[in-house]
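Structure at a glance
Each chain is listed here by its residues.
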Amino acid sequence: MLQPVVVDQAELEWHNWHDPANTDPSAIRWKLLICGERDPSGGLVVGVARIEPGAVLSRHHHEAEETYYVISGRGDMEIEDTRTEVGPGTAIYIPPNARHALRCIGAEPLVFIFTFPRDRFEDIVYHRDA
């Protein structure tokens, strides 16, 4: 039986996103907040990500649909052939297998929540596009 989960993100370690587009491995960091790897949760992965100014989460895709919710900072969101500037309060839906990228275009880090409708983060297979 699934149980309630309460997580304080301040108690979690940041993970670095190793992206060939960025020379600084800490330019993109993320934390898993809710995930089956650690919690008795199911059907939903929730995390927080941080992209430093000028850094880019390079173009990629995955089978699972995904959402972003921007908390702070400004970004240039690319989904397939559409580009949109995003900022605090912006909600983004990324369809399954849609190629997408996100660049921090402001002077402060871009911070956003991401979600996947999966039991575990390790179930998401990232495919980086050239």
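See the structure above.
Rules used throughout
- Residues numbered from 1 in each chain as written.
- Predicted model: local features only at pLDDT ≥ 70, side-chain atom pairs only at ≥ 80, totals over all residues.
- Heavy atoms only, no water.
- Helix = DSSP H or I, 4+ residues; strand = E, 2+ residues; numbered from the N terminus.
- Buried < 20%, exposed > 50% of the residue type's maximum accessible area, 1.4 Å probe, protein only.
- Polar contact = N/O pair within 3.5 Å; in protein donor to acceptor, adjacent residues only side chain to side chain.
- Contact = heavy atoms within 4.5 Å.
- Phe/Tyr/Trp six-rings, centres within 6.5 Å; stacked < 30°, edge-to-face > 60°.
- Lys NZ or Arg CZ within 6 Å of the ring centre and 35° of its normal.

Of note, Glu78 is situated in strand S6 (residues 75–79). Taking the relative accessible area as the measure of exposure, Glu78 reaches 16% and is therefore buried. In this structure the side chain of Glu78 is engaged in a polar contact, spanning 2.5 Å, whose partner is the side chain of Arg59. Residue contacts for Glu78: discarding those within four places in its chain leaves Arg59, Arg83, Arg99, His100 and Ala101.

Moving on, we get to the packing of aromatic side chains. Aromatic ring pairs are reported here in terms of the distance separating the ring centres and the angle at which the planes meet. In the structure shown here, the tally under the stated rule is eight aromatic pairs. Ring centres of Phe116 and Phe121 lie 6.2 Å apart, and the angle between their planes is 55 degrees; on these two criteria the pair is classed as tilted. Assessed through its relative accessible area of 13%, Phe121 is described here as buried. Put simply, the rings of Trp17, Trp30, Phe114, Phe116, Phe121 and Tyr126 pair up and form one aromatic cluster. Lying across the ring of Trp14, Arg29 places its NZ or CZ 4.7 Å from the centre.

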